[in-house]
Amino acid sequence: MRATRGCTRSACTAPAVATLTYVYSDSTAVLGPLATHAEPHTYDLCAAHAERLTVPRGWDVVRLATEFEPAPPSSDDLLALADAVREASRATPPPSVPAARGQFAAPAPVTQVRPTPQAGRRGHLRVVRDDGE
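Small disclaimer: the values here were computed from a predicted structure and weren't measured.

Caption draft 1: Examining the environment of V17 more closely. Inspection of the secondary structure puts V17 in the segment before β1 (18-23). Residue classification places V17 among the buried positions, given a relative accessible area of 5%. In this structure, the C-alpha to C-alpha distance between V17 and T4, residues 13 residues apart in sequence, is 9.4 Å.

Here it is as structure tokens:
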């Protein structure tokens, strides 16, 4: 489980601190604090990418925040983590059971007799016939 959302820029692994939204009808890019939920048509940016934001010529940038700080873990994040730990602790693995056969148990009965393989070659394996059987 990832506690924070990451920057959506390629190859950036920094945590997101701002959300970028484009308003195409007004030719405006709106950069604000990190949204509470990831939306499909927004972009989460780290502090470095939020500060270096550039937009196409003729577009306006509306900055709703000038300083971006990483969001602290919310109570929802902590509750989700606690629930995951609680669920994992409930699942107990089945106890291992030793084999039922004792030290001097008879071998399993033969149910089908296979023909003795002939000497030959199959792929990278070689079948060798044992004349002692």
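Caption draft 2: Focus on the packing of aromatic side chains. All told, the structure shown has four aromatic pairs when counted by the stated rule. Taking the centre distance of 6.0 Å and the plane angle of 70° together, the rings of Y22 and Y43 count as edge-to-face. With Y22 in strand β1 and Y43 in strand β3 (residues 42-45), the pair connects residues that are 21 residues apart, well separated along the chain. Take Y22: its relative accessible area is 25%, and that puts it in the partly exposed class. A relative accessible area of 38% places Y43 in the partly exposed class. An aromatic cluster is present here, built from Y22, Y24, Y43 and W59 joined pairwise through their rings.

Caption draft 3: Fine view of unusual backbone geometry. We note that A11 has phi near 65°; this positive angle belongs to a residue other than glycine. Structurally, the position occupied by A11 is in the segment before β1. Judged by relative accessible area, A11 falls into the exposed class, the value being 84%. We note that S27 has phi near 50°; this positive angle belongs to a residue other than glycine.

Caption draft 4: Examining the sheet that holds strand β2 (residues 28-33) more closely. The sheet built from four strands is open, its strands ordered β3-β1-β2-β4 with mixed pairing. With one partner strand each, in any of the chains shown, β3 and β4 (60-63) form the two edges of the open sheet. Strand-to-strand twist across the sheet, computed as the mean angle between neighbouring axes with direction ignored, equals 20°. For β2 and β4, the ladder comprises four bridges, and the chain directions are parallel. Across the sheet, the residue bridging to V30 is V62, located in β4.

Caption draft 5: Layout of the nonpolar core. Counting residues in hydrophobic clusters, the biggest one holds 13 residues, and the most contacted among them are C7, A18, L20, L31, L45, A50 and F68. Contributions of two or more residues to this core are made by β1 and β2. Apart from residues no more than four positions distant in its own chain, A18 is found in contact with L31, G32, P33, L34, Y43, D44, L45, A50 and F68.

Caption draft 6: Main features of the pairing of β1. As judged from the six bridges shared by β1 and β2, these two strands associate in the antiparallel manner. Bridge pairing in β2 links T21 to V30. Here β1 folds back onto β2 in antiparallel fashion, the turn holding four residues, of which S27 has a positive phi close to 50°. Of the pairings in the sheet, the one linking β1 to β3 comprises four bridges and is antiparallel in character. The residue of β3 that forms the bridge with T19 is D44.

Caption draft 7: The pattern of salt bridges, seen in detail. This model, assessed by the stated rule, comprises one salt bridge. The partner of R5 in a salt bridge is D44, and the shortest N-O contact between them spans 2.7 Å. Of this pair, R5 sits in the segment before β1 while D44 sits in strand β3, and the two are 39 residues apart along the sequence.

Reading the values: the criteria
- Residues numbered from 1 in each chain as written.
- Predicted model: local features only at pLDDT ≥ 70, side-chain atom pairs only at ≥ 80, totals over all residues.
- Heavy atoms only, no water.
- Helix = DSSP H or I, 4+ residues; strand = E, 2+ residues; numbered from the N terminus.
- Buried < 20%, exposed > 50% of the residue type's maximum accessible area, 1.4 Å probe, protein only.
- Phe/Tyr/Trp six-rings, centres within 6.5 Å; stacked < 30°, edge-to-face > 60°.
- Pairing = 2+ DSSP bridges.
- Axes fitted to C-alpha atoms, helices over the stretch in contact; angles between N-to-C directions.
- Core = buried A, V, L, I, M, F, W, Y, C linked by side-chain atoms within 4.5 Å.
- Contact = heavy atoms within 4.5 Å.
- Salt bridge = Lys/Arg side-chain N within 4 Å of Asp/Glu carboxyl O.

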